[in-house]
Amino acid sequence: MTRTHPGCRHAPARRPGPSRRHATRGAGVLALVMLAGCAGPVTVRHVSLVHSYRDTTRTALQGGRPGDPTMVVLRRHGLLPAWRDNPDRAIATLRTQAKGRDDEADVLFALAELSYRQGLRHHHAQDFLAAAVYAYAFLQPGRAGGPSPYDERFRQACDLYNLGLSAAFPAPVSVTAQTRALPWGDIALDADPAQLRWHGRLLERLQPTATLGVGGIPNIYRTPGLGEPLTALARPDPAAGHPAPAAPDTPHEAKHLTQPSAVADLTGPAHDDALRAVPTPPAPQGSGGPASGDPTGTADGGPATPDDGSFSVSDRLRVPASLLLEIDSPRAQVLGDHLTGRLVLRVMDESPDTPIGHARVPAEYDQTAARALSLVDTALWTKEYRGFFDGTTYDGTRPRLIAMTPHHHGNMPVVFIHGTASSPYRWAIMVNDLLEDRRIRDHFDFWFFSYATSNPIPYSAWQLRHAITQAVDSLGGVKADPALGHITLVGHSQGGLLARMLVINPGDRLWDGTAGRPLSSFHLNDSTRELVRETMFPTPMPEIQRVVFISTPQHGSYLAAMSIARFVGSMVSLPVRVTETARDIVTGAGDSTHLNNRVLRLGSVYAMSPHSAFMRTLPTIPIDPDVQTHSIIPVCGNPRDLSHADDGVVSYESAHIPGVQSELVVRNSEHSTQSNPATIAEVQRILLLQLAQNPPRDMQPGTARVASGHAARRAGRS
């Protein structure tokens, strides 16, 4: 029974009906709408600098949606839904709306980015090519009305053009006349075949670098500009022929021994030098002079120095290049069905930019990738230990003097000489940095010498001497190009000892100190005696003006004196020519016991021991005072007392020599310091000093010093 308070009536509780619930919800929604109407339609919020930059620089180049400028164009033209539903139809519609509008440039950029995005989606070459064409029309280089360089789309359009070409012209890139399809028509491209000829060579196997990742070289250098960056392999052009080199102005002394050829490809086959130990016959009397047509003959009709006739860039070295697709009146053509253009190939060493219209436009290059690919192709490092244990590695048909590029008249050669169990590969990081200095790149030629590092130091130095002689002679000598008389040698470790052998005049001191008795007391055949004189009685090369010693054991290496080093040294094989000469010397002396430890242990490991007779004698012979010398000495850690410092292989006291023009101690660096930034900066400073002292406009032939040097050398030989 339910009771109620008197005077009060309570109705039974009931749930609201459906109509009532709908009314309540409607009222809530109306309230929210009214509240929203009170809020402003535009909001502003704080964002981070990173977030702000990411939003304003977003482009299809990163693989995502197009950037804001392109999205603006799509919205203005009412094509954003169409882009999401059917991108190809949206691009075609936008293309029809572009002509004659005030925002034509904006539309062209949007078409470039949208086409590139489609290329990434479908991997169609014609979409990438369309992106490049639209980007070129937006930029219209060399013509008025192009975008401001401060416009963020300017660099983006350059990248759309460059990467679009890289995808449209993949490896192997064909620089020939061709007609290429576009999503709306086609483009006929012309190409001059003469572009593929470079310094008497053919450029082939053109490969884009955009998709190459370089490792092992910390500093990656690219030259920003316009064009598809490539690497090109330069091969000798059979149609060009190889004209005989000019006759050297001052002949080098005659060589009756078989001489190794001066310049070669590192990947050439290795042969024992016994296969070429055949005497070179002297030239007939009255022949061999320049008038007779033999460019290697001497003026007096004496025997000629054999000439290899091939001083040029190695077949395995690549050069950085750039491919451009140029279109005349691009904005007038780009909206038509049939376009015309041309493919233009540029090589970095001769075309840092390209003329387009009324301007010179920088070309895009990826020089570090080209250099790295050259090293990979030649696999220089694979010969490091082979070149140590097998002394015949580089004693085949020629020793290895490699030029990175053909010689440019007026450029001073820099010869890099690696150390023990090493190769030119070890100079890669240094050379990559040095070549980025335009002053160095424009005034120096880089040559690299490779040798079997277990061979006797005097023998390797003789090979280096002859290689440089052949190179200078093949280029006409210092009278034809005075810069060839201003050579800089940069030697690391044992390479520094080879360099020193080229700038000393020991007379008989080196031989007597090493063999312990005069050469005249030996009964030797003519061939052996001549080789001994060539290797142990050197004279300064007058063409060498400067030497840079890096980690050089001037007084020997304590590591070479260790038993393990001697054991390793005993495992190497020396060239037959060297072993036969040593055997003839011992036999000719009549006292093999006396010479066993002096002559037969002339391998580089034994010779670099501070206790060897050779290393006790070499430091006592002064360097030619006309040669400027510099020392770069690394030491481990940061010691206060350099007298007890070393680099793990060579002590500071061994590397230090008095009288050098400069000495840099590179602290916290080990023996292989060629890649140390301080070492590279010092070599750069030295080369710029060389350039300052020999400016191209003031460079004199210097033939007086060269001629006197050759005269003294001939007198010494006789």
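Refer to the preceding data block for the structure.
Analysis parameters
- Residues numbered from 1 in each chain as written.
- Predicted model: local features only at pLDDT ≥ 70, side-chain atom pairs only at ≥ 80, totals over all residues.
- Heavy atoms only, no water.
- Helix = DSSP H or I, 4+ residues; strand = E, 2+ residues; numbered from the N terminus.
- Buried < 20%, exposed > 50% of the residue type's maximum accessible area, 1.4 Å probe, protein only.
- Contact = heavy atoms within 4.5 Å.
- Axes fitted to C-alpha atoms, helices over the stretch in contact; angles between N-to-C directions.
- Parallel < 35°, antiparallel > 145°, perpendicular 65-115°, else oblique.
- Left-handed = near helix turned anticlockwise from the far one by under 90°.
- Nonpolar A, V, L, I, M, F, W, Y, C, P; charged D, E, K, R; others polar.
- Phe/Tyr/Trp six-rings, centres within 6.5 Å; stacked < 30°, edge-to-face > 60°.
- Lys NZ or Arg CZ within 6 Å of the ring centre and 35° of its normal.
- Core = buried A, V, L, I, M, F, W, Y, C linked by side-chain atoms within 4.5 Å.
- Pairing = 2+ DSSP bridges.

A. Structural detail: the overall build of the protein. A count of helices and strands for the protein gives 26 helices and 16 strands. Classification of the 718 residues of the protein by burial places 53% in the buried group. Within the protein, residue pairs in contact and separated by at least 24 positions form 79% of the contacts whose partners lie at least 6 positions apart.

B. A look at the packing of helix α3 (residues 68–76) against helix α6 (residues 104–122). Axis separation between α3 and α6 bottoms out at 9 Å; the angle between their running directions is 110°. It follows that α3 is roughly perpendicular to α6 by the angle criterion. Relative to α6, the crossing made by α3 is left-handed. Between α3 and α6, the residues in contact are T70, V73, L74 and R76 and D106, V107, F109, A110, E113 and L114, respectively. Considered class by class, the residues forming the contact of α3 with α6 number six nonpolar, one polar and three charged.

C. Quick peek at the packing of aromatic side chains. Summed over all chains, the structure comprises 10 aromatic pairs. Their ring planes at 80° and their centres at 5.1 Å tell us that F416 and F446 sit as a pair that is edge-to-face. One end of the pair, F416, is in strand β11 (residues 412–417); the other, F446, is in strand β12 (residues 444–450), with 30 residues separating them in the sequence. You'll find F416 and F446 in the same group, each marked buried. A centroid spacing of 5.3 Å and a plane angle of 20° characterise the contact between F416 and F448, whose relative ring orientation is stacked. Of this pair, F416 sits in strand β11 while F448 sits in strand β12, placing them 32 residues apart in sequence. No difference in accessibility class separates F416 from F448, as the two residues are buried. Looking at R180, its charged tip hangs above the ring of F169, at a distance of 4.6 Å from the centre.

D. Region of interest: the packing of helix α7 (residues 125–139) against helix α8 (residues 152–168). Between α7 and α8, the shortest axis-to-axis distance is 8 Å and the interhelical angle comes to 145°. Seen from above, α7 lies across α8 with left-handed handedness. The segment α7 lies against α8, with A125, F128, L129, A132, A135, Y136, F138 and L139 engaging R153, F154, A157, C158, L160, Y161, G164, L165, A167 and A168. Of the residues in the contact of α7 with α8, the class split is 16 nonpolar, one polar and one charged.

E. A look at the nonpolar core. In terms of nonpolar packing, the biggest core is built from 67 residues, with Y161, F169, I187, L203 and L325 touching the most fellow members. It is α7 that contributes the most residues to this core, 12 residues altogether. In this structure Y161 touches A132, A135, Y136, L226, G227, L324, L325 and E326, once residues within four positions along its chain are discounted. Grouped together as the second largest cluster of nonpolar side chains are 47 residues, V415, V478, I487 and M536 included.

F. Focus on the sheet that holds strand β16 (residues 662–667). Read across the open sheet, the seven strands follow the order β10-β12-β11-β13-β14-β15-β16; overall the sheet is mixed. With partners counted over all chains shown, the strands left at the sheet margins are β10 (400–403) and β16, one partner each. Ignoring strand direction, the axes of neighbouring strands in this sheet form an average angle of 20°. Bridge count for strand β13 (residues 487–492) against strand β14 (residues 544–550) is six bridges, and the pairing is parallel. In the strand pairing of β14, H492 is matched with I550. Together, β10, β11, β12 and β13 form the strand contacts of helix α14 (residues 457–474), whose direction differs from that of β12 by roughly 145°.

G. Examining the sheet that holds strand β1 (residues 178–182) more closely. Spatial ordering of the open sheet is given by β1-β2-β7-β6-β5-β4-β3, a layout of seven strands whose pairing is mixed. Unpaired on one side and paired on the other, β1 and β3 (197–198) mark the two borders of the sheet. Of the strand pairs in this sheet, β3 and strand β4 (residues 201–208) are connected by two bridges, and their pairing is antiparallel. Looking at β4, one finds that R197 is bridged to L202. Contacting β1, β2 (185–191), β6 (318–326) and β7 (338–347), α7 crosses the sheet at an angle of about 95° to β1. On the sheet, α8 packs against β1, β4, β5 (228–236) and β6 and is oriented at approximately 105° with respect to β6.

H. Region of the structure containing the pairing of β5. Burial within β5 is extensive, with seven of its nine residues counted as buried. Of the strand pairs in this sheet, β4 and β5 are connected by six bridges, and their pairing is antiparallel. Following the sheet pairing, Q207 is matched in β5 by T231.

Bear in mind that shape data such as this cannot, by itself, settle questions of function.
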